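# Descriptive structure summary
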Amino acid sequence: MDYKNAGVDIEAGYKSVELMKKHIQKTMRPEVLTNIGGFSGAFSMEAFKGMEKPTLVSGTDGVGTKLKLAFLLDRHDTVGIDCVAMCVNDIACAGGEPLFFLDYIACGKNYPEKIAQIVKGVADGCTQAGAALIGGETAEMPGFYPEDEYDLAGFAVGVVDEKDLITGKELQEGDVLLGLASSGVHSNGFSLVRKVFPMEREALETYYEELGGTLGETLLAPTKIYVKALRTIKESGVKIKACSHITGGGFYENVPRMLKDGVQAVIRKDSYPVPPIFGMLAEKGGIDEKMMYNTYNMGIGMVIAVSPQDAEKAAKAAKAAGEQVYTIGEIRSGEKGVVLC
């Protein structure tokens, strides 16, 4: 008896590392001090000594049951982007610049080519965010996961000067709310998605004209990474007063997290186009409108608040970074919360 007979293939692990190295290498930053394959990743803080009060910000998350679609379609090169996005978007919400990322892949059986595809997606996400992929772990766990399934999670660390933290403390009545368009469902609410749509390959590969692609392609579209857009807005000289990443819990849970006591966010539902996938979900699942806005991003992945005089400049900067931007509402005095009208 040996480890391979017990279900763990050490040689496959070595091959996975070799296959993923070329993807990891493209994420490197000058501050990275270690090579892939060590016991830990080292990252120099030398470049941030010029900040008055350098402050670390961190985020951790996973892809969730969206992975079930990747298994069914045998497509594994985009879920890594989702994993990175869920972490770095939260860091960007605080005004932080993502510095480095670590991933964790647990699988029933290590298929090196599949693991390399997953890591390719992680590396693509890190490249979009400007973060270095400095380490991770691939755990082969036979008997715990089915052979053809895996879980994927990650952890990111960023930095911001304390004076540049986005806290919502400076919000006031009349501030403008801008919404940055999402790429679709992103990575939340897939337990409900999987109840509404048949989780069969034939159904997922069905083309819908209103979606402009197959159902599976639409649902697997990776989560938008908004790091560049928020950085570009900041570099334009605009002060982002508050920011909300619209993830699980939709508008009703996430928007209040950006607010201070005594103000509310008023969002106009007709101020931007809702992607067709959400209409399909609501219709086929018999889901009422409030539940949709309490579960999904409904086409807006990030909400930011700026002063009225900065709204046009902020929108222009976000568009220059490649984002579609909409003026979706404003801040009013009142009980803390969100009003959708």
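Going by an unreviewed UniProt entry, the protein carries the name Phosphoribosylformylglycinamidine cyclo-ligase and comes from Candidatus Choladousia intestinavium. Taken directly from UniProt, the Sequence similarities (unreviewed entry) text for the protein runs: "Belongs to the AIR synthase family."

As a further point, take the overall build of the protein. Within the protein, the secondary structure is distributed over twelve helices and twelve strands. Relative to the globule expectation of 20 Å for 341 residues, the C-alpha radius of gyration of the protein, 21 Å, shows essentially globular dimensions. The C-alpha extent of the protein, read off along each of the three principal axes, is 70 × 55 × 30 Å. Within the protein, the fraction of its 341 residues that count as buried is 53%. Taking contacts inside the protein between residues at least 6 apart in sequence as the whole, the part at least 24 apart equals 86%. Of the roughly 15,500 Å² of accessible surface on the protein, 50% is carried by carbon and sulfur atoms. Averaging the coordinates of the 36 positive side-chain charges in the protein and doing the same for the 46 negative ones gives two points 4 Å apart.

According to UniProt, the positions carrying the feature "domain: PurM-like N-terminal" (unreviewed entry) are residues 55-160. The distance separating the terminal C-alpha atoms of residues 55-160 is 5 Å; by composition the span is 38% helix and 37% strand.

Annotation from UniProt places "domain: PurM-like C-terminal" (unreviewed entry) at residues 172-339. Split by type, residues 172-339 is 33% helix and 23% strand. Its first and last C-alpha atoms lie 16 Å apart.

Glancing now at the sheet that holds strand 4 (residues 150-161). Strand order in the open sheet made by the four strands is 1-4-2-3, with mixed pairing throughout. Every other strand in the sheet has two partners, leaving strand 1 (54-62) and strand 3 (132-140) as the edge strands with one partner each. Direction aside, neighbouring strands of the sheet carry axes that sit 15 degrees apart on average. Strand direction decides the pairing type here: strand 2 (residues 97-107) and strand 4, joined by ten bridges, are antiparallel. Paired with proline 98 across the strands is glycine 158, a residue of strand 4.

Once that is clear, we can look at the sheet that holds strand 9 (residues 263-267). Note: strands within a sheet are paired through backbone hydrogen bonds, in either parallel or antiparallel orientation. One open sheet accounts for six strands, arranged 8-10-5-11-9-12; its pairing is mixed. Strands at the two margins of the open sheet, each flanked by one partner only, are strand 8 (242-245) and strand 12 (337-340). Across the sheet, the mean angle from the axis of one strand to that of its neighbour is 25 degrees, orientation sign disregarded. The pairing of strand 9 with strand 12 spans four bridges and is classified as parallel. The partner of glutamine 264 across the bridge, within strand 12, is glycine 337. Running at roughly 15 degrees to strand 10 (residues 300-306), helix 8 (residues 227-235) makes contact with strand 5 (176-181), strand 8 and strand 10 of the sheet.

Rules behind the numbers
Residues numbered from 1 in each chain as written. Predicted model: local features only at pLDDT ≥ 70, side-chain atom pairs only at ≥ 80, totals over all residues. Heavy atoms only, no water. UniProt positions renumbered as here; feature names shortened; annotations may be inferred. Helix = DSSP H or I, 4+ residues; strand = E, 2+ residues; numbered from the N terminus. Rg over C-alpha atoms; globule rule 2.2 N^0.38 Å. Buried < 20%, exposed > 50% of the residue type's maximum accessible area, 1.4 Å probe, protein only. Contact = heavy atoms within 4.5 Å. Areas by Shrake-Rupley, 256 points an atom, 1.4 Å probe, with all protein chains shown as cover. Lys, Arg positive; Asp, Glu negative; His and termini not counted. Charge placed at Lys NZ, Arg CZ, Asp CG, Glu CD. Pairing = 2+ DSSP bridges. Axes fitted to C-alpha atoms, helices over the stretch in contact; angles between N-to-C directions.

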